[in-house]
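What the coordinates show
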Amino acid sequence: MNNILKVVLIIFSLSIIGGRIVKGIILKQNVTGYIKRAADANTIDLAEIELTKAIGYLEKNNLTSGYTSIVYQTPDEDIDFWYRNLKASQNELQTLHSESALERTNVLMKLRETLLDTGQKTRVTVPKGLSVYPNNILWAVLMTLSIISLIIGFIGIALKYERKSMHQKHT
């Protein structure tokens, strides 16, 4: 296999992986970043503003229903439930008219528990694979091909240099 083909395989792989990373960044910029800010908000108004930004992007980009799974559907990949939960939280923030500090704090605590998964590391609750939805199958195929191409490209280059160094030792 010539060097140009090996380099093309590696560039193809890195561009696909880079594209997937960019898709994740776009989701963070437009959805999960705002959801995290809503969860961290200290006031009802601030939380509502941030959550509304995330929901607006989801609605604008038709990310309100379906499953992100490829092989079988699991609850953690249900976009519809997740979206309806966000909308319910938004509605609760918009309709809260209580002046009670305790009630407002309780709503913010409930919001935080709804929006974030806590465990060893706290992270925003979001269906896996949402950044590439509805093209999850395409991205799975592309990522698989890119990993295979990357391996073939690097092995090809490594073998060529190994053969070259073996040849130099014998001459």
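Quantities reported herein were computed from a predicted structural model and do not represent experimental measurements. (Residues numbered from 1 in each chain as written. Predicted model: local features only at pLDDT ≥ 70, side-chain atom pairs only at ≥ 80, totals over all residues. Heavy atoms only, no water.)

Right, let's get into the side chain of Ser13. Tracing the backbone through its elements, the reader meets Ser13 in helix H1 (residues 3-40). The class of Ser13 is buried, set by a relative accessible area of 0%. Side-chain polar atoms of Ser13 contact the backbone oxygen of Ser146, separated by 2.6 Å. When residues no more than four places from it in sequence are discounted, the contact partners of Ser13 are Ser146, Ser149 and Leu150. (Helix = DSSP H or I, 4+ residues; strand = E, 2+ residues; numbered from the N terminus. Buried < 20%, exposed > 50% of the residue type's maximum accessible area, 1.4 Å probe, protein only. Polar contact = N/O pair within 3.5 Å; in protein donor to acceptor, adjacent residues only side chain to side chain. Contact = heavy atoms within 4.5 Å.)

By volume, the largest pocket amounts to about 220 Å³. Lining the largest pocket are 15 residues, with Asp76, Trp82, Thr125, Val126 and Pro127 positioned closest to its centre. Those elements that place two or more of their residues in the lining of the largest pocket are helix H3 (79-95) and helix H4 (101-115). Here the lining of the largest pocket gets four residues from one element, more than from any other, and that element is H3. Of the residues belonging to the lining of the largest pocket, the class tally is seven nonpolar, three polar and five charged. (1 Å grid on protein atoms, 1.4 Å probe; cavity = no way out; pocket = protein on both sides within 12 Å on 5 of 7 lines; lining within 4 Å. Points joined across faces, edges and corners; volume = space filled by probe spheres on them. Nonpolar A, V, L, I, M, F, W, Y, C, P; charged D, E, K, R; others polar.)

Taken N-terminus to C-terminus, the directions of H1 and H4 make an angle of 150°; their axes are 8 Å apart at the nearest point. In terms of orientation, H1 lies roughly antiparallel with respect to H4. The crossing of H1 and H4 is left-handed. Counting all contacts with H1, which are made through Ile35, Ala38, Ala39 and Asp40, the residues of H4 involved are Leu111, Arg112 and Leu115. Among the residues forming the contact of H1 with H4, the class breakdown is five nonpolar, no polar and two charged. (Axes fitted to C-alpha atoms, helices over the stretch in contact; angles between N-to-C directions. Parallel < 35°, antiparallel > 145°, perpendicular 65-115°, else oblique. Left-handed = near helix turned anticlockwise from the far one by under 90°.)

Let's shift gears to the packing of H3 against H4. Following both chains from N to C, one finds H3 and H4 inclined at 165°, their axes separated by 11 Å at the closest point. Classed by the angle they form, the pair H3 and H4 counts as roughly antiparallel. The handedness of the crossing between H3 and H4 is left-handed. Where H3 abuts H4, its residues Asn85, Leu86, Ser89, Glu92 and Leu93 lie against Val107, Lys110, Leu111, Thr114 and Leu115.

Along its length, H1 shows its largest kink, about 55°, at Lys28. Among the residues making up H1, those that are buried are Lys6, Leu9, Ile10, Ser13, Ile16, Leu27, Val31, Thr32, Ile35, Ala38 and Ala39. Two to three positions downstream of the cap, the backbone nitrogen of Ile4 sits 3.2 Å from a side-chain oxygen, assigning the N-cap of H1 to Asn2. (Bend = angle between axes of the 7 residues up to and from the residue.)

This part is about the environment of Val126. As for its position among the elements, Val126 is in the loop between strand E2 (123-124) and helix H5 (136-170). Put simply, Val126 and Trp82 are 44 residues apart on the chain and 7.2 Å apart in space, counted from C-alpha to C-alpha. Sequence-distant contacts of Val126, defined by excluding residues within four places in its chain, comprise Leu27, Thr32 and Trp82.

With that settled, consider unusual backbone geometry. Pro134 follows Tyr133 through a cis peptide bond whose omega is 10°. Along the chain, the position of Pro134 falls in the loop between E2 and H5.

The subject of this paragraph is a nonpolar patch on the surface. Together, Ile70, Val71, Tyr72, Ile137, Val141 and Leu145 line one region of the surface with nonpolar side chains, adding up to about 640 Å² of accessible area. Within the fold, Val141 resides in helix H5. (Patch = residues over 30% accessible without salt bridge, like charges linked within 9 Å, V, L, I, M, F, W, Y side chains within 5 Å. Areas by Shrake-Rupley, 256 points an atom, 1.4 Å probe, with all protein chains shown as cover. Salt bridge = Lys/Arg side-chain N within 4 Å of Asp/Glu carboxyl O.)

Before going further, it helps to spend a moment on the pattern of salt bridges. Across all of its chains, the model carries nine salt bridges by this definition. A salt bridge links Arg84 to Asp80; the shortest N-O distance between them is 3.0 Å. You can see Arg84 and its partner Asp80 sitting in helix H3, four residues apart, about one turn around the helix. Looking at Arg84, the relative accessible area reads 48%, which means it is partly exposed. Between Asp117 and Arg123 there is a salt bridge, and its shortest N-O distance comes to 3.8 Å. Exposure remark for Asp117: the relative accessible area of 30% places this residue in the partly exposed category. Assessed through its relative accessible area of 45%, Arg123 is described here as partly exposed.

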